[in-house]
Amino acid sequence: MVDDDPVVLHTLTLRHRIPDDWAADPWAEVRPLIDGADVLAEVRPDGRAPSCRYWTGQAATWPLTAAEEPRRIAIAEPTCTAGCCGALYVTVRREGDLVVWDSWENTGGTLAVPPPHRFDAARYEAELARAASDRAWEEPVDTVARLLGGILADSGWFARWGCVLTNVSPRRAEPGVPEELAYPEGVDVDFHHDRGPGEPPEAYAYALLTTPDHPPEEQARRLAARILADDPRRTAERRDL
């Protein structure tokens, strides 16, 4: 069931936000605001919206894309796991010229949920497309990580050495940590090498440094050139799984 008044339509706005505690995922979350209100903050203040990592690729794969077939979406999850502390779910579906959010579920410590909402489908889809292409929120380290990830993924370099690229993400300065103790800001690149049936994979990582005073495009190219110059298993740090 949705709102009793069929003429009431709401407005969705998607806002990128870099979390204060980004240990679980360093990328910005994409928070939904309905009529300007952060509905997740009202019922799941400890929850994170889906990361901008999931707003790439085809529109059909975006977290909030609506189709005629209803989709149950985890719209806010804790920094641990949904199985540990619960999550906030909503069912999203397309009904003609409308997009409907309803059947909310809150599996955390409170049963509070937002009410159902309807959106104009054309405006809704335009906002999803705008958010997916939004780069205005990025800090230089985000831009370097995004560009470097694209270069490495398109290169096929890791597959050449029997490796699988698993992560390229920004590494932010830790708030409240003295400069002499903090890990420098940069980009983390993780990959593993599959050794064959019955053998555990070998994990590797690069902890790359970035600087705020050089163009991100230049930094991404420089870091990529370093990685693409040799067998990555020779130049990366071995990690324990």
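Everything discussed here concerns the structure shown above.
These figures come from a predicted structure and were not determined experimentally.

Caption draft 1: Region of interest: the environment of R135. With respect to the helices and strands, R135 occurs in the loop between α3 (121-133) and α4 (140-155). Sequence separation between R135 and R15 is 120 residues, and the spatial gap between their C-alpha atoms is 11 Å.

Caption draft 2: Examining the sheet that holds strand β9 (residues 186-193) more closely. Taken in spatial order, the four strands make up an open sheet running β8-β9-β10-β11, and their pairing is antiparallel. Across the chains shown, the open sheet's two edge strands, defined by having one partner strand only, are β8 (163-171) and β11 (237-239). Between one strand axis and the next, the sheet turns by 25 degrees as a mean value, whatever way the strands run. As judged from the eight bridges shared by β9 and strand β10 (residues 202-209), these two strands associate in the antiparallel manner.

Caption draft 3: Molecular detail of the packing of aromatic side chains. In this structure the tally under the stated criterion is nine aromatic pairs. Geometrically, the ring pair formed by W55 and W62 is tilted, given 6.0 Å between the ring centres and 35 degrees between the ring planes. Per residue, the accessibility class of W55 equals that of W62, and both read buried. An aromatic cluster of three or more residues is present, and its members are W101, W104, F119 and Y124. Its end group placed over the ring of Y89, R72 keeps NZ or CZ at 3.8 Å from the ring centre.

Caption draft 4: Structural view of the pairing of strand β5 (residues 88-95). Counting buried positions along β5 gives six out of eight residues, so the element sits mostly inside the fold. With five bridges connecting them, strand β4 (residues 71-76) and β5 associate as antiparallel partners. Bridging from a neighbouring strand, I73 pairs with V90 of β5. In this sheet, strand β6 (residues 98-106) lies alongside β5 in antiparallel orientation, the contact comprising seven bridges. By the bridge assignment for β6, V92 is matched with W101. Between the end of β5 and the start of β6, which pair antiparallel, lie two residues, with G96 showing a positive phi angle near 65 degrees.

Caption draft 5: Inspection of the pattern of salt bridges at higher detail. All chains considered together, the criterion is met by 19 salt bridges. Among the ionic pairs, R53 bridges to D25, the shortest N-O distance being 2.8 Å. On the criterion of sequence distance, the pair formed by R53 in the loop between α1 (39-43) and β4 and D25 in the loop between β1 (12-17) and β2 (29-34) is long-range, its members being 28 residues apart. With relative accessibility at 36%, the residue R53 sits in the partly exposed group.

Caption draft 6: Region of the structure containing unusual backbone geometry. Even without being glycine, D35 reaches a positive phi, approximately 55 degrees. Topologically, D35 is positioned in the loop between β2 and β3 (37-38). Assessed through its relative accessible area of 47%, D35 is described here as partly exposed. Phi at S103 is positive, roughly 50 degrees, even though this residue is not glycine. The residue S103 is located in strand β6 in this model. With relative accessibility at 46%, the residue S103 sits in the partly exposed group.

Calculation notes
- Residues numbered from 1 in each chain as written.
- Predicted model: local features only at pLDDT ≥ 70, side-chain atom pairs only at ≥ 80, totals over all residues.
- Heavy atoms only, no water.
- Helix = DSSP H or I, 4+ residues; strand = E, 2+ residues; numbered from the N terminus.
- Pairing = 2+ DSSP bridges.
- Axes fitted to C-alpha atoms, helices over the stretch in contact; angles between N-to-C directions.
- Phe/Tyr/Trp six-rings, centres within 6.5 Å; stacked < 30°, edge-to-face > 60°.
- Buried < 20%, exposed > 50% of the residue type's maximum accessible area, 1.4 Å probe, protein only.
- Lys NZ or Arg CZ within 6 Å of the ring centre and 35° of its normal.
- Salt bridge = Lys/Arg side-chain N within 4 Å of Asp/Glu carboxyl O.

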